[in-house]
Amino acid sequence: MSVNGEAVRVRTEAEQADEPGWEVDPDDDWALAVVATVGRQLRLRREAAGLRAGEFAVAVGYGEDLVYKIESGKRIPRPEYLDAADEVLDAGGLITAMKEDVKRVRYPKKVRDLALMEARAVELQLYDPLHVHGLLQTPECARALLAMRRPAYSAEEVERFIAARVARKAIFERDPAPDLSFVLEEWTLRRPLGGRAVLRGQLEHLLEAAQLRNVELQVMPIEREAHAGLDGSIEVLKFEDGSAIGRSPAVANGRPVSDLRQLRILELRYGIIRAQALTPPESTAFIEQLLGET
């Protein structure tokens, strides 16, 4: 295949190759293997088409240096890069089909592992005393929280975490949908981290989520004199085969546990927290009141 004579604006390194969030994590063996395989396939197809790297770069509208980085497995290709490569190399969708594998490697390994467990769960019980739970955060809220981290995350790390959190939201679109139970702390719904506009968007998003038939949101009021969640966050994921995995800083130093005794402790605490919190209808009315005040 030859490159046509049309003028194509080539994206510079500053615009594309140096964008944060597209570097390969050197400690993630699986991601390294996926990106290396995709890069090798791209190079073999380019060579089979009789295109030099520079010619191919012009055809797809990206810099030649970026082409070399992707083909050598040093850079994660963007989805639009793969789409353009598929068209230029006349691959009939085979290159485009790599987007699913490539999309996963953008996410940090620990987040990827969590997403895999969430994808299998039929019931999730979730409590976070410090923030709105990640599954409920808007991208704007997530970005604001990540930007406040000290020591600071790099721009690349921020982009990777945001992409991962957005991807985890696919759990709300599953069919059949899992049962999701969240307990939120009132103070996390009042403090305008990131600004008032970010908080308003977050509250509006919570009200939308609360309307889903498989989602229950409950708010723990600040004025409560008894609180069973003082030992930290709780996550309990239950699976179709009857097994479960739980996690809390107060149990096994925060490592995931499947021991029945430890799970019983987590479920007991979560059950008491839910009983102490506002009911779902009361919580929805409370969030609506906060939105009106914000």
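See the structure printed just above.
About the thresholds
Residues numbered from 1 in each chain as written. Predicted model: local features only at pLDDT ≥ 70, side-chain atom pairs only at ≥ 80, totals over all residues. Heavy atoms only, no water. Helix = DSSP H or I, 4+ residues; strand = E, 2+ residues; numbered from the N terminus. Buried < 20%, exposed > 50% of the residue type's maximum accessible area, 1.4 Å probe, protein only. Contact = heavy atoms within 4.5 Å. Areas by Shrake-Rupley, 256 points an atom, 1.4 Å probe, with all protein chains shown as cover. 1 Å grid on protein atoms, 1.4 Å probe; cavity = no way out; pocket = protein on both sides within 12 Å on 5 of 7 lines; lining within 4 Å. Points joined across faces, edges and corners; volume = space filled by probe spheres on them. Nonpolar A, V, L, I, M, F, W, Y, C, P; charged D, E, K, R; others polar. Pairing = 2+ DSSP bridges. Axes fitted to C-alpha atoms, helices over the stretch in contact; angles between N-to-C directions.

Things to note about the overall build of the protein chain
Scanning the protein chain for helices and strands turns up 13 helices and five strands. Taken across its 294 residues, the protein chain has 44% of its residues classed as buried. Pairs at least 24 residues apart make up 73% of the contacts formed inside the protein chain by residues separated by at least 6 positions. For the protein chain, the exposed surface amounts to about 15400 Å²; the carbon and sulfur share of it is 51%.

Quick notes on empty space enclosed by the protein
If you walk through the whole model with that rule in mind, you get three cavities of 30 Å³ or more. Quantified by volume, the largest cavity comes out at close to 150 Å³. Along the walls of the largest cavity sit 13 residues, with Cys 141, Leu 145, Thr 188, Arg 191 and Leu 193 positioned nearest its centre. Looking at the lining of the largest cavity, the elements with two or more residues in it are α8 (139-147), α10 (186-190) and α11 (196-210). Broken down by class, the residue content of the lining of the largest cavity amounts to nine nonpolar, three polar and one charged.

Here's the deal with the environment of Leu 278
When you line up the elements, Leu 278 lands in the loop between α12 (260-276) and α13 (280-293). Between the C-alpha atom of Leu 278 and that of Gln 218, which follows or precedes it by 60 residues, the distance is 5.7 Å.

Focus: the sheet that holds strand β4 (residues 234-239)
Spatial ordering of the open sheet is given by β3-β2-β1-β4-β5, a layout of five strands whose pairing is mixed. The sheet is open, and its two edges are formed by β3 (215-220) and β5 (244-247), each paired on a single side. Across this sheet, the average inter-strand angle for adjacent strands is 5 degrees, counted without regard to direction. Examined bridge by bridge, strand β1 (residues 121-128) and β4 share six bridges and lie antiparallel to one another. Paired with Leu 124 across the two strands is Leu 237, which belongs to β4. Contacts from α12 reach β1, β2 (179-185), β3, β4 and β5, with the element oriented near 115 degrees to β4.

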